[in-house]
Amino acid sequence: MSDIHTTVDAKGLSCPMPIVKTAQAVKNVPAGELVEVLATDPGSVKDFAAWTRSTGNAIVEQTEADGVYRFVIKRA
Amino acid sequence: MDEKPLAIVLFSGTDDKLNAAAVMASGAAALGRRVHIFLQYWALDAFRADRIEDDHGLAPEAGAAGKAAVDALRAEGQAPWYETLAMAKELGGVEIMACSLSMDVLRITEDDLHELVDGTEGVTAFYLAADDAQLLFI
């Protein structure tokens, strides 16, 4: 697994900010690189699944600890 | 991306409905969907450059408890609707147009409007722009 290129800290932000901030961040990330997202919005689990399906980016890792969801997304 | 565009007729001028529209628009923009927003009546009034940051109140059904919940979210630093819309525009593909009839009714000129608004159009131009789009009325 290669290193994280960019981290998006969306903790404490309500829907749709975790997705919006991630969509902004991936614009500046080269294809194939990894973006880490930290979010506390419980809707983000379904939202990131839908967003990656629609945009072609891939969730390569997904964990939850103490109410913080962590997604590692591979830029398409 | 070839996602279906979203068209929003934004009529309401209270902060809760403006925020709902901003959330729908920014979510669509994040998916790579084009978004076309048509501002009518009280929504258009809320986009006046000198009033956009004012408290525009909430829909009547909010009541005191609803207002307290919204105020608490604001105190936690939730972005106001116009900042959410600005972020959606940064993502690209989001166009915000003023309804020319509403401009006449409210005696608003383009100089009165916030820079988030891209221009003025009539209902015919709106329908052409929204031709293949999913349509929301808020």
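Just above sits the structure.
How each quantity is defined
- Residues numbered from 1 in each chain as written.
- Chains lettered and ligands numbered in written order.
- Predicted model: local features only at pLDDT ≥ 70, side-chain atom pairs only at ≥ 80, totals over all residues.
- Helix = DSSP H or I, 4+ residues; strand = E, 2+ residues; numbered from the N terminus.
- Rg over C-alpha atoms; globule rule 2.2 N^0.38 Å.
- Buried ≥ 20, exposed ≤ 12 C-beta atoms within 10 Å, placed from the backbone.
- Contact = placed C-beta atoms within 7 Å.
- Core = buried A, V, L, I, M, F, W, Y, C linked by C-beta atoms within 7 Å.
- Pairing = 2+ DSSP bridges.
- Axes fitted to C-alpha atoms, helices over the stretch in contact; angles between N-to-C directions.

## Structural notes on the overall build of chain A
Phase 1: For chain A, the helix and strand inventory stands at two helices and four strands.
Phase 2: The secondary structure elements of chain A, listed N-terminal to C-terminal, are β-α-β-α-β-β.
Phase 3: Scaling as 2.2 N^0.38, a compact globule of 76 residues should have a C-alpha radius of gyration of about 11 Å, and chain A matches this with 11 Å.
Phase 4: Principal axes of the C-alpha set define a box for chain A whose edges measure 30 × 25 × 20 Å.
Phase 5: Across the 76 residues that make up chain A, the buried fraction comes to 32%.
Phase 6: A fraction of 60% describes how many contacts in chain A between residues 6 or more apart in sequence connect residues 24 or more apart.

## Regarding the nonpolar core
Within soluble globular proteins, side chains that are nonpolar tend to cluster in buried spots.
Residue and element names in this part refer to chain B.
Phase 1: Core analysis: the largest hydrophobic core is formed by 47 residues, its most contacted members being Ala-25, Val-35, Ile-37, Leu-39 and Ala-88.
Phase 2: The dominant element in this core, judged by the number of residues it contributes, is helix 1 (residues 15-30), at seven residues.
Phase 3: Contacts of Ile-37, omitting those with residues within four sequence positions, involve Ile-8, Leu-10, Ala-25, Ile-96 and Met-97.

## Considerations on the sheet that holds strand 1 (residues 4-10) of chain A
All names here are of chain A.
Phase 1: What the four strands build is an open sheet, ordered 1-2-4-3; its pairing is mixed. Where the open sheet ends on each side, the last strands, each with one partner, are strand 1 and strand 3 (58-65). Taken pair by pair, the neighbouring strands of this sheet meet at an average axis angle of 15 degrees, ignoring direction.
Phase 2: When strand 1 meets strand 2 (residues 34-39), the two strands line up parallel, connected through six bridges. Looking across to strand 2, one finds that Thr-6 is bridged to Val-35.
Phase 3: In this fold helix 2 (residues 44-55) packs onto strand 2, strand 3 and strand 4 (68-74), with an angle of close to 10 degrees to the strand it touches most, strand 4.

## Considerations on the environment of Leu-38 of chain A
Phase 1: Assignment of secondary structure puts Leu-38 of chain A in strand 2.
Phase 2: Filtering out sequence-adjacent residues up to four positions away, Leu-38 of chain A remains in contact with Asp-9, Ala-10, Lys-11, Val-68 and Arg-70 of chain A.

## Section: the pairing of strand 3 of chain A
Residues and elements named next belong to chain A.
Phase 1: Counting buried positions along strand 3 gives zero out of eight residues, so the element sits mostly on the surface.
Phase 2: Note that strand 3 and strand 4 share seven bridges and pair antiparallel. Pairing of Glu-64 across the sheet is with Tyr-69, part of strand 4.
Phase 3: Two successive antiparallel strands, strand 3 and strand 4, enclose a turn made up of two residues, where Asp-66 displays a positive phi of approximately 50 degrees.

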